[in-house]
Amino acid sequence: MVIANRAFIQTSAAKIKQELNNPKLVEMYERCMANTLDTTIKIRESGLTFILTGDIPAMWLRDSVCQVRPFLLFAAENEEIQSMLIGLSKEQAKLVAIDPYANAFNETANGAGHQADITDMHPQVWERKYEIDSLCYPIQLAYYIWKITGRTEQFDQAFLQMLQSIFSLWQVEQHHETESSYRFERMDCVPSDTLKRDGRGTETTYTGMLWSGFRPSDDACEYGYLIPSNMFAVVVLAYAKEIIEAFYPDEKETYEQAATLRSDIQAGLEKFGTYNHPKFGEIYAFEVDGFGNQLLMDDANVPSLLSLPIIGYSDKEEKIYQNTRNFILSKDNPYYFEGEMAKGIGSPHTPKGYIWPIGLAIQGLTTNDQVEKNTILEMLLRTDAGTGLMHESFHPDNPEDFTREWFSWANMMFCELVLDTAGFQMASALTK
């Protein structure tokens, strides 16, 4: 048992029961929390923490952080949770050192995963799809641990080297066409699993932003500048500056790298990242290429445009965010779907028309409307297909038709929404 002291689950469940008065919701909350603790988290003898994504025997840098977010809410008073989180932070620094372009890793160098991909593979890399957010999440996690618990063991030499590696890679990927050696191709697959132009992706020009091969869904970008992921980079680069000032004060060059990157990316977002929509007003684009092409949509995976208040880029009530949100939650977004049992955001990663519980949870977490939160919780409760757990996606007319039997990230996003609705909020935990 990785966390023996689980009183926080029972205590929070009692508060949820008192606040929301829904026995099934409380039961599912407890089940999802225990499921993640019992089936995905492995604390090694070294003290490092490896977290399986669910039904795939590998750890994603992104998913592993999202899978522990609800535990952060209870970390200040639970030393076992603190140790697990610090172990995860250190594990991530170790994995990024193997390959900062990789998104998912094996527990050991066992050669599992997509070793046949045409890219520079390592036997401990499960998949080498370069995604900006995969490098943002380890910075966010380390920062959150510090702010919530006061613990700072994660800020060691390996963490500094990880920051330097990330910043160097991002400087290269600002100039993907001329400076990057990254290539990725997968044979005999759907088009979204590989990059065009001999593995380079569709053509882009310099914008100051960071090029990304793939989205948080692990699907290839249509245009190389993924707006929500660049926004996430702006947020974590501010965290990185604060971390460097506090724990690596002599690293002036590394600090300047972070500051310059943040300024360049933000300028690129302001110049290229918006679109004047005839129906919704000024909104954020999802992807751009710098040549004037823009993709207008949103995806259920995080970071997404809908999730901007959660990642810390936008206030919930900011006008352009509200315009973008209205677009996203309408049929003008090609990945917004409605059915008899639910309505919400899906993804090109799953069958057309399927809705993602992660997307529903994000919708609930980014509204101040309690009625909307409760409506989303009711949708999630009636679309679990009798399993008591969340799935990757489901058909809104027939929730028994779903993808992935179990998916820890979705389970924990459900738990975070339940906790948020009952008064346990990440923003409050970060400012205590």
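Position labels on residues start from 1 in each chain and follow its written sequence. This being a predicted model, a pLDDT of at least 70 is required before a residue's local features are given, and a value of 80 or more before pairs of side-chain atoms are given or counted; all residues contribute to the totals for chains, interfaces and linings. Based on all heavy atoms of the structure, the side-chain values leave hydrogens and waters out of the count.

As recorded in an unreviewed UniProt entry, the chain goes by Glycosyl hydrolase and comes from Listeria seeligeri.

Caption draft 1: Focus on the nonpolar core. The definition of a nonpolar core used throughout is a set of buried Ala, Val, Leu, Ile, Met, Phe, Trp, Tyr and Cys residues joined through side-chain atoms within 4.5 Å. Here's how the labels work: a residue is buried when its accessible area is under 20% of the maximum for its type, exposed when over 50%, partly exposed in between, all with a 1.4 Å probe on protein chains only. Residues Tyr-29, Phe-71, Trp-170 and Phe-414 are the most contacted members of the largest nonpolar core, which totals 145 residues. Note on contacts: a residue pair qualifies if any of its non-hydrogen atoms lie within 4.5 Å across the two residues. Discounting chain neighbours no more than four positions away, the residues touching Trp-170 are Tyr-130, Ile-132, Leu-135, Cys-136, Leu-210, Ala-233, Val-236, Leu-237 and Leu-261.

Caption draft 2: Focus on the sheet that holds strand β4 (residues 104–105). In space, the three strands of this open sheet follow the order β3-β4-β5, with antiparallel pairing throughout. Edge positions in the sheet fall to β3 (59–60) and β5 (125–127), since each of these pairs with one other strand and no more. When DSSP finds at least two bridges between two strands, those strands are taken to pair. Secondary structure counts use DSSP, requiring at least four H or I residues in a row for a helix and at least two E residues in a row for a strand, with both numbered from the N terminus. As paired elements, β4 and β5 share two bridges and run antiparallel to each other. When the bridges of β5 are listed, Phe-105 appears paired with Val-125.

Caption draft 3: Up close: helix α5 (residues 132–149). When the terminal C-alpha atoms of α5 are compared, their 27 Å separation across 18 residues agrees well with the 26 Å that a helix rising 1.5 Å per residue should span. The buried count for α5 comes to 17 of 18 residues, which makes it a mostly enclosed element. Gly-150, located one to two residues past α5, shows a positive phi value of around 80 degrees. Expected helix span is taken as 1.5 Å per residue step, with the number of steps being one fewer than the number of residues.

Caption draft 4: Looking closely at the sheet that holds strand β6 (residues 225–226). Reading across from one edge, β6-β9-β10 is the order of the three strands in this open sheet, with antiparallel pairing throughout. Two strands lie at the open edges of the sheet, namely β6 and β10 (294–295), each paired on one side alone. Examined bridge by bridge, strand β9 (residues 287–288) and β10 share two bridges and lie antiparallel to one another. Bridge pairing links Val-288 to Gln-294 in β10.

Caption draft 5: Seen up close, helix α6 (residues 157–173). Look at α6: 24 Å from first C-alpha to last across 17 residues, which is about the 24 Å you get at 1.5 Å a residue. Every buried residue of α6 is accounted for by Phe-159, Leu-160, Met-162, Leu-163, Ile-166, Phe-167, Leu-169, Trp-170 and Glu-173. On its buried side, α6 packs onto α4 (79–98), α5, α7 (176–179), α9 (227–247) and α10 (252–272). With a side-chain oxygen lying 3.2 Å from the backbone nitrogen of Ala-158, the N-terminal cap of α6 falls on Asp-156. Identification of polar contacts relies on pairs of N or O atoms within 3.5 Å, with a donor-acceptor requirement for protein atoms, meaning one able to donate a hydrogen and the other able to accept it, and with residues adjacent in sequence counted only if both atoms are side-chain atoms.

Caption draft 6: Molecular detail of unusual backbone geometry. Of note, the amide linkage connecting Val-302 to Pro-303 takes the cis form, showing an omega dihedral of 10 degrees. Structurally, Pro-303 can be placed in the loop between β10 and α11 (308–311). Not every positive phi belongs to a glycine, and Asp-188 is a case in point at roughly 50 degrees. With respect to the secondary-structure elements, Asp-188 resides in the loop between α7 and α8 (196–199).

Caption draft 7: Quick peek at the pattern of salt bridges. Salt bridges are defined by distance alone: a side-chain nitrogen of Lys or Arg within 4 Å of a carboxyl oxygen of Asp or Glu. For the structure shown, the criterion picks out 23 salt bridges. Here Arg-62 ties to Asp-63 by a salt bridge, and the two come within 3.2 Å at their closest N and O atoms. Each member of the pair, Arg-62 as well as Asp-63, carries the same accessibility label: buried. With a shortest N-O distance of 2.5 Å, Asp-193 and Lys-129 are connected by a salt bridge. Of this pair, Asp-193 sits in the loop between α7 and α8 while Lys-129 sits in the loop between β5 and α5, and the two are 64 residues apart along the sequence. With respect to burial, Asp-193 and Lys-129 carry one shared label: buried.

Caption draft 8: Geometry of the packing of helix α3 (residues 61–72) against α4. An axis is simply a line fitted to the C-alpha atoms; with a helix, the fit covers only the stretch in contact. Between two such axes, the angle follows the N-to-C directions and lies from 0 to 180 degrees. Contact pair α3 / α4: the axes reach a minimum separation of 11 Å and the direction vectors enclose 165 degrees. In this view, α3 runs roughly antiparallel relative to α4, as classed from their interaxial angle. The way α3 lies across α4 gives a crossing that is left-handed. Contacts between α3 and α4 involve Leu-61, Ser-64, Val-65, Val-68, Phe-71 and Leu-72 from the former and Ile-81, Met-84, Leu-85, Leu-88, Gln-92 and Val-96 from the latter. Of the residues in the contact of α3 with α4, the class split is ten nonpolar, two polar and no charged. The scheme is simple: roughly parallel for angles under 35 degrees, roughly antiparallel for over 145, roughly perpendicular for 65 to 115, oblique for anything else. In this scheme the crossing of two helices becomes right-handed for a clockwise turn of the near helix relative to the far one and left-handed for an anticlockwise turn of less than a right angle. Each residue gets one label: Ala, Val, Leu, Ile, Met, Phe, Trp, Tyr, Cys and Pro are nonpolar, Asp, Glu, Lys and Arg are charged, and the others, such as Gly, are polar.

Caption draft 9: Region of interest: the pairing of strand β8 (residues 281–284). Direction of pairing for strand β7 (residues 274–277) relative to β8: antiparallel, over a ladder of four bridges. Bridging from a neighbouring strand, Asn-276 pairs with Glu-282 of β8. Counted along the chain from β7 to the antiparallel partner β8, the turn is three residues long.

Caption draft 10: The arrangement of the side chain of Arg-128 in detail. On the secondary structure map, Arg-128 appears in the loop between β5 and α5. Residue Arg-128 is classed as buried on the basis of its relative accessible area of 8%. Polar side-chain contacts of Arg-128 include one of 2.5 Å to the side chain of Asp-99. Of note is the side chain of Arg-128, whose polar atom sits 2.6 Å from the side chain of Thr-119. Once residues within four sequence positions are removed from consideration, Arg-128 is found in contact with Asp-99, Tyr-101, Ala-102, Asn-103, Thr-119, Asp-120, Met-121, Tyr-182, Arg-183 and Phe-184.

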